[in-house]
Protein chains: 10
Amino acid sequence: MNDAKTELGRKILKLKKGKGLKWTDVAARIGQSPVWTCALCMGQMSAEPHHARGIAELFGLDEEEEATLCEIPYRGAQPLPPTDPLIYRFYELILVYGTTWKEMIHEEFGDGIMSAIDYDMQLERQPDQKGDRVRITMSGKFLPYKRY
Amino acid sequence: MNDAKTELGRKILKLKKGKGLKWTDVAARIGQSPVWTCALCMGQMSAEPHHARGIAELFGLDEEEEATLCEIPYRGAQPLPPTDPLIYRFYELILVYGTTWKEMIHEEFGDGIMSAIDYDMQLERQPDQKGDRVRITMSGKFLPYKRY
Amino acid sequence: MNDAKTELGRKILKLKKGKGLKWTDVAARIGQSPVWTCALCMGQMSAEPHHARGIAELFGLDEEEEATLCEIPYRGAQPLPPTDPLIYRFYELILVYGTTWKEMIHEEFGDGIMSAIDYDMQLERQPDQKGDRVRITMSGKFLPYKRY
Amino acid sequence: MNDAKTELGRKILKLKKGKGLKWTDVAARIGQSPVWTCALCMGQMSAEPHHARGIAELFGLDEEEEATLCEIPYRGAQPLPPTDPLIYRFYELILVYGTTWKEMIHEEFGDGIMSAIDYDMQLERQPDQKGDRVRITMSGKFLPYKRY
Amino acid sequence: MNDAKTELGRKILKLKKGKGLKWTDVAARIGQSPVWTCALCMGQMSAEPHHARGIAELFGLDEEEEATLCEIPYRGAQPLPPTDPLIYRFYELILVYGTTWKEMIHEEFGDGIMSAIDYDMQLERQPDQKGDRVRITMSGKFLPYKRY
Amino acid sequence: MNDAKTELGRKILKLKKGKGLKWTDVAARIGQSPVWTCALCMGQMSAEPHHARGIAELFGLDEEEEATLCEIPYRGAQPLPPTDPLIYRFYELILVYGTTWKEMIHEEFGDGIMSAIDYDMQLERQPDQKGDRVRITMSGKFLPYKRY
Amino acid sequence: MNDAKTELGRKILKLKKGKGLKWTDVAARIGQSPVWTCALCMGQMSAEPHHARGIAELFGLDEEEEATLCEIPYRGAQPLPPTDPLIYRFYELILVYGTTWKEMIHEEFGDGIMSAIDYDMQLERQPDQKGDRVRITMSGKFLPYKRY
Amino acid sequence: MNDAKTELGRKILKLKKGKGLKWTDVAARIGQSPVWTCALCMGQMSAEPHHARGIAELFGLDEEEEATLCEIPYRGAQPLPPTDPLIYRFYELILVYGTTWKEMIHEEFGDGIMSAIDYDMQLERQPDQKGDRVRITMSGKFLPYKRY
Amino acid sequence: MNDAKTELGRKILKLKKGKGLKWTDVAARIGQSPVWTCALCMGQMSAEPHHARGIAELFGLDEEEEATLCEIPYRGAQPLPPTDPLIYRFYELILVYGTTWKEMIHEEFGDGIMSAIDYDMQLERQPDQKGDRVRITMSGKFLPYKRY
Amino acid sequence: MNDAKTELGRKILKLKKGKGLKWTDVAARIGQSPVWTCALCMGQMSAEPHHARGIAELFGLDEEEEATLCEIPYRGAQPLPPTDPLIYRFYELILVYGTTWKEMIHEEFGDGIMSAIDYDMQLERQPDQKGDRVRITMSGKFLPYKRY
């Protein structure tokens, strides 16, 4: 049911390349972070009207495409386990660090989880002499398990 | 083939609770970070002899258990998709953000991946008035795809 | 890693039957709801010390079993799709009503989810001339997707 | 074999949005509950002719689409495990509460199941200072296992 | 969680063979049909106390085994798709006749299902010159889908 | 490779509805049972020329469609486990009664299977005060395992 | 439920090796073919009492083991797809030749199948200058699909 | 990537039926066996130019189709486990006879496998009073496991 | 999302065959190795502009196709387990040699992995009297697991 | 059925570590290559008596363990997809290079495969200033597809 959003994502990728824009440029236009803006364009987030407006103007989208940006997606089109090596490495982190996250979050916060909804993320280049690094910072609200 | 390492992990969890220790305490003893130390104890990393020494002394492990800490594990005992909600949320992040990571890392670095081997991670409590947050910082070396 | 909690659950089921107790009786003893109390005993929740105390006294559990009730479980031991017909019917509800929940919650609340963590549930007999009914009331906090 | 019903569902979603209608409006038109009406429009229920009539008039559907509403669907187009976070939370509830439902329903009713056919459901907003909640009330006839 | 019931089933199979009994003999003893009696002994049904009594006396079971017969099972230990050819043929019938059942039951009864709970079955030898046949008669209550 | 037969099935369902025919009517026309006739039209059986003739005349099919009825299908287009509740109930019967069929057929006939090829089936309404029942009678030749 | 038969198979393999016997020797003793005899010992067939007798005498089995040979197995303990290269090649034949068998058997016999129950097989060494060959001859009764 | 070969296979099946040809006729035309010829036409083998020539002439194929016959396929389009009963029976043979093949081939030839590449097969009707039989003769080169 | 790259791959295969070129010819044109060049054309690598230029000129590709060669693919379109016998053999090597690679690489290098990113490969014909051999030489940078 | 061989493998790993031996040492003792020797000890190959002799003497194995080395294994105990990162990288190579192997081997040799049976492999350290590399050389006999 996300076909329209996914297809629009592909179109935006092409337009963005053609215009030589970066995600930071797109993000600046709508006053949101680059990660969220990219996720929105990839069809995994829903925009508020003024975000959709900004993106539509930037890329010359028509009214229906603008409306598509506001639609709430059926999230999660990724095939898992991922076949793409870049995406697979995140899957591998769960295999290796799953129990570590479990033990460390419970030690610090007690019984509950890190929200993937009240959640934000940053992605940066971390310069390093032995080779630059990808730095990802995740922040999710801790949600305690309710006892009732 | 990790049975010994997994079993040792369970034993360490009990001993750690009994002694009222935190992962920062264990980590301090061996001069490594809490995340890596926890992953080591959970059976997903291999220790150098002096790490194993420190942990064995702290918990009163015997020689065979000390050697077990040094063994290189068959990594990845996590069942996927995870059934535990805390671990599942990380899986969900791949479903939602997989394409975002793909597009943003390629935009910044070109063709390649973020290493999950030359990789480190931090986990902290991020105080917040609306409810404290879990903050995870990942850093992995960018590895460019070789063209040959 | 939940073996101890699952095993304890089986023991409690036997003891409860032997003593002719109902979940409402167990729940009353610890001042929590019957559903949560049952989920705790089945090994899917973590007790606070005074809950564990009450249950240990009621069933004559030893100290280690009492501690086991307080442990945070690796949740989700259910095989899915469920082979048991009673549990399968809930799985079938997702097949049939999944899109309905999606559309109705978004219509009412916008983009976000119903929390399964800040969540509570009740289960009652609903008398009915054509045959009594099972009535389940779920309540989960709405969590809006963060835009950042 | 549900392609026609699913496709019609997508069309109705668009028309409904365009007309600014809510599921309560659609439901009122045909004298059924909003949940069932939404499930019908999403292609998971079969209408009686007068329901189909009402919906066709409301949205200006043609005769074939009206007939499509009356067709009995091959139910269950949801991919499971769900990739969408909103729908996944219901799946997670089975993982966590499956055994609880099993034990509590058998305690109250004996051997049998809660019907997912002679079944109804309500979905409401439950105002709450700490954040409004989604309230879902399910009611299914208890069906005792026949001994013969 | 059915280990006790499954194990008891194996024991009963041996005892039954040793005593040269048939399922009709066992069924006669408790006044139920052979099919249900066999399913009960295989651990898939729950007995009422007097059924358990009769079977315990017939086979010389102890008190705990008698109680086990009364327990409500976590049903469905069959691996599917079945690897055993006899059981597989029933699976094949679903592959071949699934849509036929769907169309014929809806034509006759409207929207609903055949209950697998309010259900009974018979199995007989049907003499035939070209080779005797297995005759299975199933009867399940029709349950109409509720419109609400 | 069954696309033509499946597509024809959908067409026949529509024509049959338009003409107000029942499977008994179609079956009478070709002198076969309603179940087999329905299975044939659903694309799971192969017709002899005179059956195809009768059906083509009844529904006004063209020559290619008539030939399609005679083609031997790649059987088994049902997705398993079935997502449709009506079809799922038959799957559930295997989960619950698989071992019962195994034990009872071997007790009566020795080592072998019930054929799903030399097989026939009937489906009837069984009037019942507490609600009418679906009655299915299966008959399959017993095939003894060859010892050679 | 075949544990006893599988375990016995392993024991027979050891005894057979110790005694330096070949399957032809074992087969000769009971007057059956080597293939069937081997399949019987591997726990996939059921013996008649005199076969069990012969094998028990040959290998010095006790009474319970002799009875185990007569039990009808839950067939099919092979994991599929096979991980063992020798067994995998047969799986590969289905991938490559599945449609060929389908088309050629139907051309010759019409609609139906080759029985895997009324079935026998031979396995021989076929001397060949370029390297000896394994020759397998299968023979299964053709079973025509019943039209009823 | 075999779409062209598979599609051509369907076309050849129709042309062959229209011309009333048998696989032996097609095979005779190109001087190969009927099994290999059928497998070639079904898109699972690659022809040498003169084979392709013969088949193209026989069926009136165009140049591109003739070239398609010579292409090396991505083999193995069969869904496994097979849903079609005729093909499934071969799958069942692996379940039942997998270990038998393993033990008998190793007994006769030592460690190695039967090649599925240097392999040929015949399929014949074997007349039999109790019902004709399908006879399949497979011959594959024995390949010893290299010790190096 | 690789549709364009995969489709282009198929086109290049045809053009290459038509022009009678070998991968070494294509590789020579762009100054890269044949393996990498083939992988690039199959849609699994990303070209630098001058590579794309060379290939576009060689095959007469248009501007959009040239740009497609430079795009970074969503890698990994292979279905696994592979159904094609040639590709399957590599999968089988993992089944057989997985633990050997694990033990030998750790013995030589300590804890870490062989990179599949900083990786190159050669493929040659190795003449041999008993039949020529395929010789594949892989070289991947050893990446030590970071201890932090 | 490989339990004995796998268990022996674990024992040998411990003994080898205790004695400070390398695979080259073990291999030298039996006059085979280190890769094959390691695979043998890991339970994936079958030894000839003199190999088993040499290994038994080196490690002080008893007679039964010596015999176990000679047994032909049910190969392939690796879980796939691999969860261990080192082994996974080989799996990833199939995802990325599967079609490349297919095209290049067919270009060079025609229709056929690289044998995984008449196969050998070497593994070496390849010194490199930017970080040493793992070098793996595979050699498998080309087996042409038989046309018959």
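Residues numbered from 1 in each chain as written. Chains lettered and ligands numbered in written order. Predicted model: local features only at pLDDT ≥ 70, side-chain atom pairs only at ≥ 80, totals over all residues. Heavy atoms only, no water.

Chain A has the name Cyanate hydratase in an unreviewed UniProt entry, where Roseomonas indoligenes is given as its organism. Listed in UniProt under the heading Function (unreviewed entry), the comment for chain A reads: "Catalyzes the reaction of cyanate with bicarbonate to produce ammonia and carbon dioxide." Its UniProt record gives chain A a comment under Sequence similarities (unreviewed entry), which states: "Belongs to the cyanase family." (UniProt positions renumbered as here; feature names shortened; annotations may be inferred.)

Asks: Any chance you could explain the nonpolar core here in plain terms?
Replies: Looking at soluble globular proteins, one finds that nonpolar side chains tend to be buried together. Counting residues in hydrophobic clusters, the biggest one holds 513 residues, and the most contacted among them are W101 of chain B, W101 of chain C, W101 of chain E, W101 of chain F, W101 of chain G, W101 of chain H together with W101 of chain J. For W101 of chain F, the residues in contact, after removing those within four places along its chain, are L86, F90, M121, L123, I136 and M138 of chain E together with L93 and I94 of chain F. (Core = buried A, V, L, I, M, F, W, Y, C linked by side-chain atoms within 4.5 Å. Buried < 20%, exposed > 50% of the residue type's maximum accessible area, 1.4 Å probe, protein only. Contact = heavy atoms within 4.5 Å.)

Asks: For this particular structure, what's the right way to read the UniProt feature "active site" (unreviewed entry) in chain A?
Replies: Per the UniProt record, "active site" (unreviewed entry) is annotated on R89, E92 and S115 of chain A. Within the secondary structure, R89 of chain A sits in helix α6 (residues 85-109). Mapped onto the secondary structure, E92 of chain A falls in helix α6. The exposure class of E92 of chain A is buried, given its relative accessible area of 1%. The residues contacting E92 of chain A, other than those within four sequence positions of it, are A116 and I117 of chain B, Y145 of chain I together with P85, Y88 and R89 of chain J. (Helix = DSSP H or I, 4+ residues; strand = E, 2+ residues; numbered from the N terminus.)

Asks: Looking at this structure, how should I read the arrangement of the chains?
Replies: A minimum C-alpha distance of 19 Å separates chain B and chain F, which share no contact. If you take every C-alpha in chain D and every C-alpha in chain H, the smallest gap between them is 18 Å, and the two do not touch.

Asks: Help me understand the domain arrangement of chain A in this model?
Replies: Size of an interface, as often reported, equals the accessible area lost when the parts are brought together. Per the domain assignment, the segments of chain A are domain 1 (3-70) and domain 2 (85-144). The straight-line distance from the C-alpha centre of domain 1 of chain A to that of domain 2 of chain A is 26 Å. (Domains from an automatic or database assignment.)

Asks: What am I meant to see in the interface of chain B and chain I here?
Replies: Between chain B and chain I, the residue contacts involve 33 residues of the former and 33 residues of the latter. In total, about 3,100 Å² of surface goes out of reach between chain B and chain I, with carbon and sulfur atoms giving 57% of it. When residues of chain B are sorted by the area they lose upon contact with chain I, I117, R147 and Y148 of chain B head the list and together hold 28% of the total. For the pair chain B and chain I, the interface holds six salt bridges. For K146 of chain I, the salt bridge is made with D120 of chain B, and the minimal N-O distance between the two is 2.7 Å. Counting across the interface, chain B meets chain I through 18 residue pairs in polar contact (both at pLDDT 80 or more). For the side of chain B that touches chain I, the elements supplying multiple residues, two or more each, are α3 (34-41), α6 (85-109), β1 (112-126) and β2 (133-144) of chain B. (Buried area = accessible area lost by both parts, 1.4 Å probe. Salt bridge = Lys/Arg side-chain N within 4 Å of Asp/Glu carboxyl O. Polar contact = N/O pair within 3.5 Å; in protein donor to acceptor, adjacent residues only side chain to side chain.)

Asks: Would you take a moment to explain the interface of chain A and chain B for this structure?
Replies: Between chain A and chain B, the residue contacts involve 69 residues of the former and 69 residues of the latter. A buried area of about 7,100 Å², summed over both sides, lies between chain A and chain B, and 68% of it is on carbon and sulfur atoms. In this assembly, chain A and chain B are joined by 10 salt bridges. Here D84 of chain A ties to K102 of chain B by a salt bridge, and the two come within 2.8 Å at their closest N and O atoms. For the interface between chain A and chain B, the tally reads 24 residue pairs in polar contact (both at pLDDT 80 or more). For the side of chain A that touches chain B, the secondary structure elements donating two or more residues are α1 (3-19), α3 (34-41), α6, β1 (112-126) and β2 (133-144) of chain A. It is α6 of chain A that contributes the most residues to the side of chain A that touches chain B, 24 residues altogether. Across nine bridges, the pairing between β2 of chain A and β2 of chain B is antiparallel. Pairing of M138 of chain A across the sheet is with I136 of chain B, part of β2 of chain B. (Pairing = 2+ DSSP bridges.)

Asks: What am I meant to see in the pairing of strand β1 (residues 112-126) of chain I here?
Replies: Working note: regular strand, side chains alternate between the two faces of the sheet. Residues and elements named next belong to chain I. Bridge analysis of β1 against strand β2 (residues 133-144) gives 11 bridges, and the strand direction is antiparallel. Within β2, the position partnered with M121 by the bridge is M138. Once β1 ends, the chain turns through six residues before running back antiparallel as β2, passing G131 with a positive phi of about 125°.

Asks: Help me understand the relation of the copies chain B and chain I, please; the structure alone is not making it clear to me.
Replies: Mapping chain B onto chain I leaves a residual RMSD of 0.0 Å; the transformation is a rotation of 180° accompanied by 0.0 Å of translation along its axis. Such values leave the two copies arranged in the relation of a two-fold axis. Ranked by how close their C-alpha atoms come to the rotation axis, the residues of chain B are headed by S115 of chain B, at 4.8 Å. Residue by residue, 100% of the interface of chain B is reproduced at the interface of chain I, so both copies engage with the same surface. (Least-squares fit on C-alpha atoms with pLDDT ≥ 70 in both.)

Asks: Quick question: what am I supposed to make of the UniProt feature "domain: Cyanate lyase C-terminal" (unreviewed entry) in chain A here?
Replies: In the UniProt entry, the feature "domain: Cyanate lyase C-terminal" (unreviewed entry) is given for residues 76-148 of chain A. Across residues 76-148 of chain A one finds 34% helix and 37% strand; the C-alpha atoms that close the span lie 32 Å apart.

Asks: Sorry if this is basic, but what is going on with the pattern of salt bridges here?
Replies: When charged atoms on two side chains of opposite charge get close, those side chains can pair. Going through the model one piece at a time under the given rule, you end up with 160 salt bridges over all chains. In this structure, the salt-bridge partner of D111 of chain I is R75 of chain B, at a minimum N-O distance of 2.7 Å. One end of the pair, D111 of chain I, is in the loop between α6 (85-109) and β1; the other, R75 of chain B, is in the loop between α5 (63-70) and α6, on a second chain. The buried category is assigned to D111 of chain I, whose relative accessible area is 10%. In this structure R75 of chain B comes out as buried when scored by relative accessible area, which is 1%. In this structure, the salt-bridge partner of K14 of chain F is E64 of chain D, at a minimum N-O distance of 3.3 Å. Of this pair, K14 of chain F sits in helix α1 (residues 3-19) while E64 of chain D sits in helix α5 (residues 63-70), each in a different chain. Several salt bridges share partner residues, and in doing so they unite R29, R53, E57 and E66 of chain A into one network.

Asks: What should I look at first to understand α5 of chain B in this one?
Replies: Helical geometry note: an α-helix holds 3.6 residues per turn, so side chains three or four residues apart project in the same direction. Residue and element names in this part refer to chain B. Three or more residues of α5 are buried, namely E65, E66, T68 and L69. End-on view of α5: buried residues confined to an arc of 155°, all on one side of the axis. Residues of α5 that are exposed and point more than 90 degrees away from the buried face comprise E63 and E64. Each element contacted by the buried residues of α5 is listed here: α1 (3-18), α3 and α4 (49-59). The opening residue of α5, the one whose side-chain oxygen lies 3.1 Å from the backbone nitrogen of E64, is D62. (Arc of directions from axis to C-beta.)

Asks: I'm lost on the environment of Q44 of chain C in this one. Help?
Replies: One can find Q44 of chain C in the loop between α3 (34-41) and α4 (49-59). Taking the C-alpha atoms as reference points, Q44 of chain C and P73 of chain C, separated by 29 residues in sequence, lie 6.1 Å from one another. The residues contacting Q44 of chain C, other than those within four sequence positions of it, are A39, P73, R75, G76 and A77 of chain C together with L95 and V96 of chain D.

Asks: It is not clear to me how the packing of helix α3 (residues 34-41) of chain E against helix α6 (residues 85-109) of chain F should be interpreted in this structure. Could you clarify?
Replies: For any two helices packed against each other, one specifies the crossing angle of their axes together with the interaxial distance. One can describe the packing of α3 of chain E onto α6 of chain F by two numbers: an axis separation of 9 Å at closest approach and a directional angle of 115°. In this structure, α3 of chain E meets α6 of chain F at a crossing whose hand is right-handed. Contacts between α3 of chain E and α6 of chain F involve P34, V35, C38 and A39 of chain E from the first element and Y97, T100, E103 and M104 of chain F from the second. (Axes fitted to C-alpha atoms, helices over the stretch in contact; angles between N-to-C directions. Left-handed = near helix turned anticlockwise from the far one by under 90°.)

Asks: Honestly, the packing of aromatic side chains in this entry has me stumped. Any pointers?
Replies: This structure, assessed with the given rule, holds 52 aromatic pairs over all chains. Taking the centre distance of 5.5 Å and the plane angle of 40° together, the rings of Y88 of chain F and Y91 of chain F count as tilted. Placement of both Y88 of chain F and Y91 of chain F in helix α6 is noted, with a separation of three residues, approximately one turn of the helix. For Y88 of chain F, a relative accessible area of 2% corresponds to the buried category. Ring centres of F109 of chain H and F142 of chain H lie 4.6 Å apart, and the angle between their planes is 20°; on these two criteria the pair is classed as stacked. Separated by 33 residues along the polypeptide, F109 of chain H in helix α6 (residues 85-109) and F142 of chain H in strand β2 (residues 133-144) bring together distant segments of the chain. For the pair F109 of chain H and F142 of chain H, a shared accessibility class is recorded, and that class is buried. It is R75 of chain H that lies over the ring of Y145 of chain J; its NZ or CZ is 3.6 Å from the centre. (Phe/Tyr/Trp six-rings, centres within 6.5 Å; stacked < 30°, edge-to-face > 60°. Lys NZ or Arg CZ within 6 Å of the ring centre and 35° of its normal.)

Asks: Looking at this model, I keep getting lost on the sheet that holds β1 of chain A. Mind explaining?
Replies: Sheet strands pair by backbone hydrogen bonding; their relative direction is either parallel or antiparallel. Pairing is antiparallel in the open sheet, where four strands are placed in the order β1(A)-β2(A)-β2(B)-β1(B). A strand with exactly one partner marks an edge of an open sheet, and here the two such strands are β1 of chain A together with β1 of chain B. Across this sheet, the average inter-strand angle for adjacent strands is 20°, counted without regard to direction. Here α6 of chain B sits on the sheet in contact with β1 and β2 of chain A together with β1 and β2 of chain B, set at roughly 20° to β1 of chain A.

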